[in-house]
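# Close look at the chain arrangement
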Amino acid sequence: MSLADGSHVSDTEVTTAPRPLLLADGRPAARAWSLDPALRHLNHGSFGAVPLAAQERQNELRTEMEGAPVVWFPELPRRLAATRVGLAGFLGADPGDLALVPNASAGMSVVYANLERRRGGEIVVTDHGYGAVTMGAERLARRWGGRVRTARVPLDADEERAYEAVMAEVGEGTDLLVIDQITSATARRLPVERIGAEARRRGVPLLVDGAHAPGLIDTPLADLTCDFWAGNLHKWACAPRGTAALVARGPLRDGLYPLIDSWGAADPYPDRFDQQGTVDATHYLAAPTALDFIGATWGWPAARRYMDELAGYAERVVGAAFAALTGMDARVDVGMPVPGMRLVRLPEGLADSRVTADALRDRAAAELGVEAAFTAFGGVGYWRLSAHVYNTAEDYEYFAERCVPVLGEWARAARAQQHRTP
Ligand SMILES: Cc1ncc(COP(=O)(O)O)c(C=O)c1O
């Protein structure tokens, strides 16, 4: 297929689809989830999806809790400590460094709440940072009487350019670096390993936002030098919601306390996080069931390979459909790609900001029956696709055939509206 800008998408490229993954009994992988079959679920990355096996395990644990609360709660810290060991192995972390927190936001809030200003109160973030995490950094900088410095990393920056862009903002006044391992809106990696080594050399604490890393990257902490890392197990690892890890290494970790003061406060890090008042912690205890389900059914390396091949196929099929519609190449170079996620450029007029991108997500769900993620970066709108094991090539062919033409119509209408508006 020839495009208006002179580039070319080969038809063979478009037609190579990975074979759908099946369960041990031959049923489609999606049957192991409770996702509504009336919808297309093309956005695992935002909120995850929990396999039935882990939902059932959590229900069993809740039944146990409700059967004998007075036995359950005193026993809970011991059970959580044992769970941490398995989760740490999955992440490539030392169990002694890993605390359980309800989500990545909470992990980063713990760092923000406990870290003290030692130099100029400056916090370095990037323009790819997750909005809520960056807002937390801004509040902390205000509290410190400092400021946030934003490193501008071009979307297509390779490792060297991204590293240089971040380190150019680090100076004598820097008290904290907050860098994504995998970015949300732009679905790319940032060179946190290299940044971490240099930050440690300069004595600047690094907080890595690893929200998307567990499950998508094999042992995401294995080669990482950082003071703090927070990541969600309820995204790609498919754990029940409310399951995330805070990993702290280095001299500052003993100063970290949970956001909820509780009886564990006198315990050392990370044990003190195992007591959080009276809360339902069954999601943590059921998390290993999700990891084991995928591990035992396909193996994590094969699952990751499938997700990546499928994402590549989806990118080509949907990109070609948009290109046929607009005459423009919809492929996006993100510099340091991640497995399982891709960006496809939307026609002009759609999703030029986070607000309009979220509105498009809601409209697509309501009118097209598709759960999808749309993002904006630098005023340009993207379809951010996240493929998991329960997705199939047919999901994306459907999107290309049925949804792309409608999105094209919506884009035309939005452009016409913009021209009419004085
Ligand atoms: C990069 C990044 N950071 C942080 C978060 C926040 O995760 P949570 O809402 O589970 O705290 C997300 C969620 O999508 C994310 O993508």
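### Points about the pairing of strand S12 (residues 380-386)
Counting buried positions over the seven residues of S12 gives seven, a clear majority of the element. Burial of S12 is two-sided: the residues Val380, Tyr382, Arg384 and Ser386 facing one way and the residues Gly381, Trp383 and Leu385 facing the other way are all buried. With five bridges joining them, strand S9 (residues 341-345) and S12 adopt antiparallel strand pairing. Residue pairing across strands places Leu343 opposite Arg384, the latter belonging to S12. Examined bridge by bridge, strand S11 (residues 373-377) and S12 share five bridges and lie antiparallel to one another. Across the sheet, the residue bridging to Phe377 is Val380, located in S12. Count of turn residues in the S11/S12 antiparallel hairpin: two residues, of which Gly378 carries a positive phi of about 60 degrees.

### Let's talk about the packing of helix H10 (residues 300-326) against helix H12 (residues 393-420)
One can describe the packing of H10 onto H12 by two numbers: an axis separation of 9 Å at closest approach and a directional angle of 25 degrees. One element, H10, and the other, H12, form an angle in the roughly parallel class. Remark: the crossing between H10 and H12 carries right-handed chirality. Mapping the contact onto sequence places Leu310, Tyr313, Ala314, Val317, Val318, Ala321, Phe322 and Leu325 in H10 and Ala393, Tyr396, Glu397, Phe399, Ala400, Val404, Pro405, Leu407 and Gly408 in H12.

### Comments concerning the site of the ligand
The full set close to the ligand counts 14 residues, and Ser105, Asp209, His212, Asn232 and Lys235 are the nearest of them. At 3.0 Å, a side-chain N or O of His212 approaches an oxygen atom of the ligand. Here an oxygen atom of the ligand and a side-chain polar atom of Asn232 are 2.8 Å apart. For the shell around the ligand, the residue count by class is five nonpolar, six polar and three charged.

### As for the confidence of the model for the chain
The predicted coordinates of low-pLDDT regions are not to be read in fine detail. Confidence in the prediction of the chain, expressed as mean pLDDT, is 95, and 96% of residues score 70 or more. Below a pLDDT of 50 lies the segment residues 1-12, which in the model reaches 21 contacts outside its immediate sequence neighbourhood of four places, other chains included.

### Description of the side chain of Asp274
As for its position among the elements, Asp274 is in the loop between strand S8 (244-248) and helix H9 (282-297). Since its relative accessible area comes to 6%, Asp274 is described here as buried. Residues within four places of Asp274 in sequence aside, it is in contact with Pro77, Leu80, Ala81 and Arg84.

### Regarding the sheet that holds strand S7 (residues 228-232)
Overall, mixed pairing links the seven strands, which are arranged S2-S8-S7-S6-S5-S3-S4 in an open sheet. Only two strands of the sheet have a single neighbouring strand rather than two, namely strand S2 (98-101) and strand S4 (147-151). Pairs of neighbouring strands in the sheet enclose a mean axial angle of 20 degrees, with direction left out of account. Where strand S6 (residues 206-209) lies against S7, three bridges are found, and the strand directions are parallel. What sits directly across from Asp209, in S7, is Ala230. Packing of helix H5 (residues 104-114) onto the sheet brings it into contact with S2, strand S5 (174-180), S6, S7 and S8, and relative to S7 it is tilted by some 160 degrees. The strands touched by helix H6 (residues 131-144) are strand S3 (122-126), S4, S5 and S6; relative to S3, the strand with the most contacts, the crossing angle is about 165 degrees.

Quick notes on the rules
Residues numbered from 1 in each chain as written. Predicted model: local features only at pLDDT ≥ 70, side-chain atom pairs only at ≥ 80, totals over all residues. Heavy atoms only, no water. Buried < 20%, exposed > 50% of the residue type's maximum accessible area, 1.4 Å probe, protein only. Helix = DSSP H or I, 4+ residues; strand = E, 2+ residues; numbered from the N terminus. Pairing = 2+ DSSP bridges. Axes fitted to C-alpha atoms, helices over the stretch in contact; angles between N-to-C directions. Parallel < 35°, antiparallel > 145°, perpendicular 65-115°, else oblique. Left-handed = near helix turned anticlockwise from the far one by under 90°. Contact = heavy atoms within 4.5 Å. Near = heavy atom within 4 Å. Polar contact = N/O pair within 3.5 Å; in protein donor to acceptor, adjacent residues only side chain to side chain. Nonpolar A, V, L, I, M, F, W, Y, C, P; charged D, E, K, R; others polar. pLDDT = per-residue confidence, 0-100.

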